[in-house]
Structures are given as C-alpha cells and as structure tokens.
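# Structure at a glance
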Amino acid sequence: MRVVFLGSGTSQGVPVITCKCEVCTSDDPKDNRLRSSVLIEVGKKTFVIDAGPDFRQQMLREKVMKLDAILLTHSHKDHVGGLDDVRAFNFTQLQPMDIFADDLTATVVKSDFAYAFTEEKYPGVPKMNIHIFKNAPFKVCGIEIIPIKATHMNTRVWGFRIGKFAYLTDVSKIEDEEKQKLLGLDVLIVNALRIEKHYSHFNLEEAMALVKEVNPKRAYFTHISHNMGLYSKVNPTLPPNMALGYDGLVIEIED
C-alpha cells in the first residue's frame, strides 16, 4: 500500500488568507497545507479519502491519471467541495465516479451538487454513483474497508481502516469500542489541529494520547492549522514514532 498526503491542512488551509503569522509567511514548504485528503494505492487500485476544494490542484500535483473511488469522512465543505472535478475522470474513464458516504453525507452531496443528480442533466456535469455505507465493513474495488465512527463536536464523522493502515480526521471524540478497530496498525493518521484545546478537533496532546493508547508502529498528524506552529519547531519535539504530516509526504506500508 502507498499513501500520499494530498493535503494536511485545516478548513482554511495554510497560509490563511490575510494572516501574517510566522507559519503563514514561512518559506518552508512543509508549512504550506492544502485541505486534508490522502491518496491510497493498493495494487492497481487508486482511491482518495475526501475531495475538498483543493481536489483539482491535488490531482494535478500528483499526476493522478486514474481514480477508482472516493471515500467521504463527512459532509463539511473542506472535505466534499471539490467533487465537481470528478468530471475529468468521467471523461477519461467513461464511467461515473464511485463515491462512498454515509446517509447524511450523501444527502448533503446531492443537495450541494443538485445539478449532477437531476433527471435532465446539463451536458458535462459530474457523474457520481453514491454508495451508502453503515458501521460495518464494506468493499471498494474488492478491498475491505472498515469504517470507524467518531464525533466531530456534534457531527458524525468516519475514519477508515484498510489492512494495517487507518485514517481519522476531524475527530473530537471516539468511543472505546471504535478504538478497538485501531489496534494492530502499522500506520495511523489522525487529526491534530493545534497545541491548544479545541471544541471540535483533537489538539496535539489529545491526538498523541490516542496514538499511545492504540499503539501503532508509526503515527502521523493531519488537519493541522497555522496555530500548531512551525513544522521545524514542533516536529522535533514529538516522540520517535510520531510526526507531523505534510503535503506530498509518501508512506509505504507492506502487506
């Protein structure tokens, strides 16, 4: 399995518009963060988790020529706002894009992109087949996906486990029974918004506590805001098996 950080930033990305803090004005490319998403390659299959407003830019940067499916964690715009750009894959792959979402997210997608779901469609609109999942394993392109239910303040949000890899974002709380799905991992990616506590996201301390509890071999943090501080200052303070993720980071995971 190959995992690529397409984006590692929070809903505003980094730099933040109009902000002049040391992170937003940093020359270090690891401090520049598009909205959070990952590209996953398993064998000859390629899919992404979330397609936010930077989806087009991310696909071009990574030169993605084929995409089999998109998994959605929840319905917030920084995670679904780029779905219109599946059109490019519709044109080249000659088929609708398979989108996997829960019922609440599917409803929002059909509302936000209503023009893609009308009976009489304007030529060239995106074509999407939405598949509803619940809290039970399902398959994408023959690959087993284990959904992990969590809470993002008062919103239901989903993480996903594929083999010995798991991805969680926008989590503020996760129940013990769902944490069991995170045991035995080689790699865990989990959100860590900033140093200070936040009402709807793990901060760095809370994310580190989850990592210590479920004990993956390696852990990377994502959905990072400019309030985390400079990558060059924060990352060296982390334990050896933990690191801040950054855009373009590639992780290889053996079967």
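The shown structure was predicted, so the numbers you read here are calculated from the model rather than taken from an experiment.

## Thoughts on the overall build of the chain
Each helix and strand in the chain was counted, giving seven helices and 14 strands. Taken against the 2.2 N^0.38 rule, which gives 18 Å for 255 residues, the C-alpha radius of gyration of the chain at 17 Å falls within 12% of a compact globule. Oriented by its inertia axes, the alpha-carbon framework of the chain measures out at about 55 × 40 × 35 Å. Buried residues in the chain amount to 53% of all 255 residues. Sequence-distant contacts in the chain: of pairs separated by 6 or more residues, those separated by 24 or more amount to 63%. As presented, the chain carries roughly 11900 Å² of accessible surface, and 51% of it is formed by carbon and sulfur atoms. Here the chain contributes 31 positive and 33 negative side-chain charges, whose respective centroids are spaced 2 Å apart.

## Examining the side chain of Thr73
By the secondary structure assignment, Thr73 is in the loop between strand S4 (69-71) and helix H2 (77-80). Polar contacts involving the side chain of Thr73 include one to the side chain of Asp50, which spans 2.8 Å. A polar atom in the side chain of Thr73 sits 2.8 Å from the side chain of His74. Apart from residues no more than four positions distant in its own chain, Thr73 is found in contact with Ile49, Asp50, His79, Arg156, Val157, Trp158, Phe160, Tyr167 and Thr169.

## Considering the packing of aromatic side chains
On inspection of all chains with the given rule, the structure shows eight aromatic pairs. Geometrically, the ring pair formed by Tyr231 and Tyr246 is edge-to-face, given 5.7 Å between the ring centres and 85° between the ring planes. Of this pair, Tyr231 sits in helix H7 (residues 231-234) while Tyr246 is found in the loop between strand S13 (242-244) and strand S14 (250-252), placing the two residues 15 residues apart along the sequence. Through a chain of ring-to-ring contacts, the aromatic side chains of Phe100, Phe133, Phe138, Trp158 and Phe160 assemble into a single cluster. When the ring centre of Tyr246 is taken as origin, the NZ or CZ atom of Lys30, which lies over that ring, is 4.6 Å away.

## A few points about the nonpolar core
Grouped together as the largest cluster of nonpolar side chains are 28 residues, with contacts concentrated most on Leu168, Ile174, Leu182, Leu188, Val190 and Phe221. Counting only elements with at least two residues in this core, the list comes to strand S8 (143-152), strand S11 (187-191), helix H6 (204-214), strand S12 (218-222), H7 and S13. At six residues, the largest contribution of residues to this core is made by H6. Setting aside residues up to four positions removed in sequence, Leu188 forms contacts with Ala166, Leu168, Leu182, Val211, Val214, Pro216, Arg218, Ala219 and Tyr220. If you look at the next biggest cluster of nonpolar residues, it comprises 26 residues, including Ile49, Ala69, Trp158 and Val187.

## Details of the sheet that holds S11
Read across the sheet, seven strands follow the order S7-S8-S9-S10-S11-S12-S13 without closing on themselves; strand pairing throughout is mixed. Two strands bound the open sheet, and with one partner strand each, they are strand S7 (138-140) and S13. Strand-to-strand twist across the sheet, computed as the mean angle between neighbouring axes with direction ignored, equals 30°. Two elements, S7 and S8, share three bridges in a ladder whose sense is antiparallel. Each bridged residue has a counterpart across the sheet, and for Val140 the counterpart in S8 is Ile143. Each of S11, S12 and S13 touches H6; the most contacted strand, S11, lies at about 155° to it.

## Details of the pairing of strand S3 (residues 45-49)
Within S3, four of the five residues are buried, which leaves the element mostly enclosed by the surrounding structure. As judged from the five bridges shared by strand S2 (residues 37-42) and S3, these two strands associate in the antiparallel manner. From the neighbouring strand, Ile40 faces S3, where its bridge partner is Phe47. Inspection of the sheet shows S3 paired to S4 by three bridges, in the parallel sense. Counterpart to Ile49 in the pairing with S4 is Leu71.

## As for the side chain of Asp50
Among the secondary structure elements, Asp50 is positioned in the loop between S3 and helix H1 (55-61). The buried charged residue Asp50 lacks any salt bridge partner; its closest oppositely charged side chain belongs to Arg35, at an N-O distance of 12 Å. One polar contact links Asp50 to His79, side chain to side chain, over a distance of 2.7 Å. If we ignore the near neighbours within four places in the chain, the residues touching Asp50 are Ser36, Ser37, Ile70, Leu71, Leu72, Thr73, His74, His79 and Thr169.

Calculation notes
- Residues numbered from 1 in each chain as written.
- Predicted model: local features only at pLDDT ≥ 70, side-chain atom pairs only at ≥ 80, totals over all residues.
- Heavy atoms only, no water.
- Helix = DSSP H or I, 4+ residues; strand = E, 2+ residues; numbered from the N terminus.
- Rg over C-alpha atoms; globule rule 2.2 N^0.38 Å.
- Buried < 20%, exposed > 50% of the residue type's maximum accessible area, 1.4 Å probe, protein only.
- Contact = heavy atoms within 4.5 Å.
- Areas by Shrake-Rupley, 256 points an atom, 1.4 Å probe, with all protein chains shown as cover.
- Lys, Arg positive; Asp, Glu negative; His and termini not counted.
- Charge placed at Lys NZ, Arg CZ, Asp CG, Glu CD.
- Polar contact = N/O pair within 3.5 Å; in protein donor to acceptor, adjacent residues only side chain to side chain.
- Phe/Tyr/Trp six-rings, centres within 6.5 Å; stacked < 30°, edge-to-face > 60°.
- Lys NZ or Arg CZ within 6 Å of the ring centre and 35° of its normal.
- Core = buried A, V, L, I, M, F, W, Y, C linked by side-chain atoms within 4.5 Å.
- Pairing = 2+ DSSP bridges.
- Axes fitted to C-alpha atoms, helices over the stretch in contact; angles between N-to-C directions.
- Salt bridge = Lys/Arg side-chain N within 4 Å of Asp/Glu carboxyl O.

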